[in-house]
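For reference, the chains in residue letters:
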Amino acid sequence: MKIYYYDSLPGDQREPHESPDPLPDTLLSDLSIIAGHYPDVASVDEIAKARSYKNRDVITVSPDAMGDIYESKVKMFFDEHLHEDEEIRYILDGSGFFDVRSGAPGGEDERWVRVAMEAGDLIILPAGIYHRFTTDEKNYIKAMRLFKDEPKWTALNRSPEVDANPYRQEYITSVLKA
Ligand code: KMT
Ligand code: NI
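Let me begin by describing the structure that accompanies this report. (Residues numbered from 1 in each chain as written. Chains lettered and ligands numbered in written order. Predicted model: local features only at pLDDT ≥ 70, side-chain atom pairs only at ≥ 80, totals over all residues. Heavy atoms only, no water.)

Another point: the overall build of the protein. Within the protein, the secondary structure is distributed over 6 helices and 10 strands. Radius of gyration (C-alpha) of the protein: 16 Å, near the 16 Å computed for a compact globule of 178 residues. The buried share of the protein, reckoned over its 178 residues, is 43%. Considering only contacts within the protein whose residues lie at least 6 apart along the sequence, 76% involve residues at least 24 apart. Counting only carbon and sulfur atoms, one obtains 51% of the accessible surface of the protein, whose full area is about 9,200 Å². In the protein, 21 side chains carry a positive charge and 34 a negative one; their mean positions are 3 Å apart. (Helix = DSSP H or I, 4+ residues; strand = E, 2+ residues; numbered from the N terminus. Rg over C-alpha atoms; globule rule 2.2 N^0.38 Å. Buried < 20%, exposed > 50% of the residue type's maximum accessible area, 1.4 Å probe, protein only. Contact = heavy atoms within 4.5 Å. Areas by Shrake-Rupley, 256 points an atom, 1.4 Å probe, with all protein chains shown as cover. Lys, Arg positive; Asp, Glu negative; His and termini not counted. Charge placed at Lys NZ, Arg CZ, Asp CG, Glu CD.)

So this is what it looks like as structure tokens:
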């Protein structure tokens, strides 16, 4: 796992886009994100149990697995969005990027932070954080998606209305303290 500021320069979203700007050490905890390497599924089972997760599925995002809809799916995952639940992803194979928002919402210092994930990496994004996902230039990732009960991963794309969503407001008040 590697974490850095996204450079926001033109170019395909699947390129690394690594900015040289140094990242604050406390970045992940400031955003209330948990991320790390979990060597086996048994260690993921433990965290899932501790957080009362009961269900999971496995998704493969690749042209082979998805066929013609691959490009449109990848573009859709890259639309900035939030969820009303935590998003837990465990990478089983391949690699990809989760981008998360840092800085004051709508402020000049608001920037994308890119989390480059590969097999064995796990990320927990809190409810209400704006984020997006893309495959990298290898165009292949296999990930486990964990959820508490029913799959509840409706993506709410960024808009003034979603800014006012109670889960977004809770994240802003309790985590960003903005
Ligand atoms: C998401 O929420 O954007 C996804 O689940 C993407 C697929 S998981 C690698
Ligand atoms: Ni998401």
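Taken together, the protein ligands of the nickel ion (ligand 2) are His81 (NE2), His83 (NE2), Glu87 (OE) and His131 (NE2), with distances of 2.0 to 2.2 Å. Around the nickel ion (ligand 2), the 4 donor atoms are arranged such that angles at the metal cover 74 to 165°; this shape is classified as irregular. (Donors = N, O, S within 2.8 Å, 3.2 Å for Na, K, Ca; no water. Tetrahedral: all angles 85-135°; square planar, octahedral: opposite > 155°, others 65-115°.)

Next up on the list: the pattern of salt bridges. Here the structure, examined in full by the defined rule, presents 14 salt bridges. In this structure, Asp12 engages Arg14 in a salt bridge whose closest nitrogen and oxygen atoms are separated by 2.9 Å. With relative accessibility at 33%, the residue Asp12 sits in the partly exposed group. Ionic pairing is found between Arg145 and Asp57, a salt bridge with its closest N-O pair at 3.0 Å. With Arg145 in strand S9 (residues 141–147) and Asp57 in strand S3 (residues 55–61), the pair connects residues that are 88 residues apart, well separated along the chain. Overall, Asp57 belongs to the partly exposed group, its relative accessible area being 23%. Through salt bridges with shared partners, a single ionic network connects Asp12, Arg14, Glu71 and Lys75. (Salt bridge = Lys/Arg side-chain N within 4 Å of Asp/Glu carboxyl O.)

The buried fraction of strand S7 (residues 121–125) is high, at 5 of 5 residues. With 4 bridges joining them, strand S2 (residues 34–37) and S7 adopt antiparallel strand pairing. The partner of Ala35 across the bridge, within S7, is Ile123. Pairing analysis gives 4 bridges linking strand S5 (residues 87–102) to S7, with the strands arranged antiparallel. In the sheet register, Ile88 faces S7, and the bridge partner there is Ile124. (Pairing = 2+ DSSP bridges.)

Keep in mind these numbers describe shape, not what the thing actually does.
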